[in-house]
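Per-entry structural report
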Amino acid sequence: MGVVNRTLDMVREDDSHESTRNVNRRDFVKAAGATGTAVGLAGCIGGGGGGSSPTSTTGGDTGTVTGPTTIQLAADDNFKGKQQGINDLLHENGVSDDISIEILGGSFVSSGRQSKYKNILNAGQTKPTIFMMDNGWTIPFIVRDQIANLSQELSSDVVSTVKEDYVDTMVATASMDGDLYGIPLFADFPTMQYRKDLLREAGYSDSDFDTWATESMTWQKFSNVVADAKEAHPDMTGYNFQGAAYIGLSCCDFVEFMSSWGGSYFGEFDNLFGPVGDRPITVDEQPVVDAINMVRHFIYGENPGGKFGDYAGNISPEAVVQYKEESSRKPFANGNVLFHRNWPYSIKISGAEDAFGTDLGAMPIPYGVEASSSDYGPEIGGIPSALGGWHLTLNPNAPADKKAAGREVLSALTNKNVQMGLFELGGWTPPVPSRINSSRAQDLDLIGRYVDTLAVASKNAVPRPVTRVWPQEAQQINKEVNAAFKRDKSASKAVSDLKAALEQIEESV
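The text that follows walks through the structure, step by step, so that each part is easy to find. (Residues numbered from 1 in each chain as written. Predicted model: local features only at pLDDT ≥ 70, side-chain atom pairs only at ≥ 80, totals over all residues. Heavy atoms only, no water.)

1. Let's talk about the overall build of the protein chain
Counting its regular elements, the protein chain contains 21 helices and 13 strands. When burial is assessed residue by residue, the protein chain has 62% of its 509 residues classed as buried. Long-range pairs, those at least 24 residues apart, make up 77% of the contacts in the protein chain between residues at least 6 apart in sequence. Total accessible area on the protein chain stands at roughly 17500 Å², and carbon and sulfur atoms take up 42% of it. (Helix = DSSP H or I, 4+ residues; strand = E, 2+ residues; numbered from the N terminus. Buried < 20%, exposed > 50% of the residue type's maximum accessible area, 1.4 Å probe, protein only. Contact = heavy atoms within 4.5 Å. Areas by Shrake-Rupley, 256 points an atom, 1.4 Å probe, with all protein chains shown as cover.)

Here it is in structure tokens:
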């Protein structure tokens, strides 16, 4: 119930070929840059091959790799932990053996890396050659002209593959005025992860788990399932998520809570990417208030206006107001939590044989109202799935030979075998929708058990409103929402203050 056909209709591709088809989806994605103009748009999903890895360019620096060359790639610690496997995967799929990647680890919290990258590029430093950039803050780097224009650096075939085959909203967050500035490395879609073994003890069965894998349930039903599980395991925490005052709350967890009730920062989906200063600010509307009050009911058992009488309360620990990804994942991995919202990397850890193995379950994020009941449907309302994910971008200051190696690596990432290899290696979801639950993905060790759930999440992805002012707006959002979660402010007061802050930012442009 509640499944929303939100335009990224999925099909499974055969391993020997990719099906060519027309897909019903959003007609366009608008993204605002410095002038408020639309950025480059992805074409229809599907068609084409797995990509190629040519090193010829349509412009830019024409340096070549003439011997052993090591380039640095700035990423996070999870990516660094798979450095050898990533190098092997690239070499097996066409990247010269002379090229190797040294991965520089960094904080899992992306805002810290954003500041570090900004300082490096402001100073014109030549290293690292490639940056892993969050889809939520790549556009500000484009606006400041700090990263290379890949439409000039890479072959037209590679650029066309990205624009035509990849998740359109991801491409929009790496583009401007029709040009591409980042290669989507992986898409991130959240799921609700849980303990099947403990749910069985609460009276649920494998048939329930099979249904939950692809059919989202209401928050009301979910809360009562959690309460049932807590009753069977009173020493355990019921449900945790990321509720701290950081970028992950603004871009992801709160986007899910809010949109699941039909609420939005800026009204209609088409307003999410701008134009800045000329779009409605709707964050103070009742669905947003309802979302915050539901979370407070989950944490404290509050029931403002009696709206949540049929919802179980006190199912989340007060600690969620301080949790980020890792601080919320570790209690789940340690066996202290029943339900846990997180990204696919967490599935790879908790679903391992030396962890929970096949007792790890996953389901789409629950919903408050169906999309048909939302003022901003069908894109907003129904199943909520915050669009996460990362791009790889090229340092324009890198020496010619390093840039040439970087171009070869970036081009190789459009290869289907590389994308599927990364999916298996670290749970990094392919940014091409048709590959997420393909027959090949179904056969992958561990992550293959969860690809149908990820496919549902991908179909219902809601992006953050990425514009050049999003970094400032995100700070105000996470501050006010976290204050409401902590009961420092009422939900109504928090969203009223937030609207005023967003209006000030929008008017300052």
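2. Concerning the sheet that holds strand β8 (residues 237-240)
Strand order across the open sheet formed by 4 strands is β8-β9-β7-β10, with mixed pairing between neighbours. At either margin of the open sheet sits one strand with a lone partner, and together these are β8 and β10 (360-363). Strand-to-strand twist across the sheet, computed as the mean angle between neighbouring axes with direction ignored, equals 20°. The pairing of strand β7 (residues 191-195) with β10 spans 4 bridges and is classified as antiparallel. Bridge assignment links R195 to a residue of β10, and that residue is L360. Running over the sheet, helix α13 (residues 325-333) touches β7, β8, β9 (337-342) and β10 and is turned about 150° from β9. (Pairing = 2+ DSSP bridges. Axes fitted to C-alpha atoms, helices over the stretch in contact; angles between N-to-C directions.)

3. Structural notes on the layout of surface pockets
Its volume calculated, the largest pocket comes out at about 360 Å³. For the lining of the largest pocket, the secondary structure elements donating two or more residues are α3 (110-122) and α20 (470-485). If you tally residues by element for the lining of the largest pocket, the top one is α20, at 6 residues. Here the lining of the largest pocket is built from residues that sort into 8 nonpolar, 7 polar and 3 charged. Quantified by volume, the second largest pocket comes out at close to 240 Å³. What lines the second largest pocket is a set of 17 residues, among which K196, D210, A213, R449 and Y450 lie closest to the centre. Those elements giving two or more residues to the lining of the second largest pocket turn out to be α9 (206-212), β10 and α19 (451-459). Considered class by class, the residues forming the lining of the second largest pocket number 7 nonpolar, 6 polar and 4 charged. Here the lining of the second largest pocket spans two domains, and each of domain 1 (69-188 + 388-459) and domain 2 (191-386 + 465-507) adds at least three residues to it. (1 Å grid on protein atoms, 1.4 Å probe; cavity = no way out; pocket = protein on both sides within 12 Å on 5 of 7 lines; lining within 4 Å. Points joined across faces, edges and corners; volume = space filled by probe spheres on them. Nonpolar A, V, L, I, M, F, W, Y, C, P; charged D, E, K, R; others polar. Domains from an automatic or database assignment.)

4. Observations concerning the pairing of strand β3 (residues 130-134)
Most of β3 sits inside the fold, with 5 of its 5 residues counted as buried. Alternating positions in β3 separate into two faces, I130, M132 and D134 on one and F131 and M133 on the other, with burial throughout. Where strand β1 (residues 69-74) lies against β3, 2 bridges are found, and the strand directions are parallel. Following the sheet pairing, L73 is matched in β3 by I130. Across 5 bridges, β3 lies against strand β12 (residues 388-394) in antiparallel orientation.

5. Some details on the side chain of N395
Relative to the helices and strands, N395 resides in the loop between β12 and α15 (400-412). Taking relative accessible area as the criterion, N395 reaches 0% and is therefore assigned buried. Within the structure, N395 has its side chain in polar contact with the backbone oxygen of Q125 (distance 3.0 Å). For N395, the contacting residues outside a window of four places in its chain are L121, Q125, T126, K127, P128, T129, F131 and K403. (Polar contact = N/O pair within 3.5 Å; in protein donor to acceptor, adjacent residues only side chain to side chain.)

6. What to know about the pattern of salt bridges
For the coordinates displayed, the defined rule picks out 20 salt bridges. D76 serves as the salt-bridge partner of R113, at 4.0 Å between the closest nitrogen and oxygen. Taken as a pair, R113 in helix α3 and D76 in the loop between β1 and α1 (77-80) lie far apart in primary sequence, 37 residues in all. Taking relative accessible area as the criterion, D76 reaches 6% and is therefore assigned buried. A salt bridge links K403 to E153, with the nearest nitrogen and oxygen atoms 3.3 Å apart. One end of the pair, K403, is in helix α15; the other, E153, is in helix α5 (residues 150-153), with 250 residues separating them in the sequence. One exposure class covers both K403 and E153, and it is buried. Among the ionic contacts, a cluster of salt bridges with common partners joins E480, K489, K493 and D497. (Salt bridge = Lys/Arg side-chain N within 4 Å of Asp/Glu carboxyl O.)

7. Comments concerning the nonpolar core
In terms of nonpolar packing, the biggest core is built from 67 residues, with W219, Y239, F254, F257, F339 and F485 touching the most fellow members. Among the elements that take part in this core, helix α12 (residues 286-300) stands out by supplying 9 residues, more than any other. Once you skip the residues sitting within four places of it in the chain, F257 turns out to touch W219, Y239, F241, A291, M294, V295 and F485. Counting 52 residues, the second largest nonpolar core, distinct from the first, contains A75, W137, V158 and L422. (Core = buried A, V, L, I, M, F, W, Y, C linked by side-chain atoms within 4.5 Å.)

8. Structural notes on helix α16 (residues 416-426)
Where burial is concerned, most of α16 is hidden: 8 out of the 11 residues are buried. Of the residues making up α16, those classed as buried are K416, V418, Q419, M420, G421, L422, F423 and G426. For α16, the N-terminal capping position is held by N415, with its side-chain oxygen 2.7 Å away from the main-chain nitrogen of N417. One or two residues past the end of α16 sits G427, with phi positive at roughly 75°.

9. Examining a negative patch on the surface
A surface patch of negative charge is lined by E353, D354, E424 and D445. Along the polypeptide, E424 turns up in helix α16. (Patch = residues over 30% accessible without salt bridge, like charges linked within 9 Å, V, L, I, M, F, W, Y side chains within 5 Å. Lys, Arg positive; Asp, Glu negative; His and termini not counted. Charge placed at Lys NZ, Arg CZ, Asp CG, Glu CD.)

10. A look at the packing of helix α11 (residues 247-260) against α12
Here α11 crosses α12 at 115°, and the two axes come no closer than 8 Å. The element α11 and its partner α12 pack so that their crossing is right-handed. For the pair formed by α11 and α12, the contact residues are F254, F257 and M258 on the first element and V288, A291, I292, M294 and V295 on the second. (Left-handed = near helix turned anticlockwise from the far one by under 90°.)

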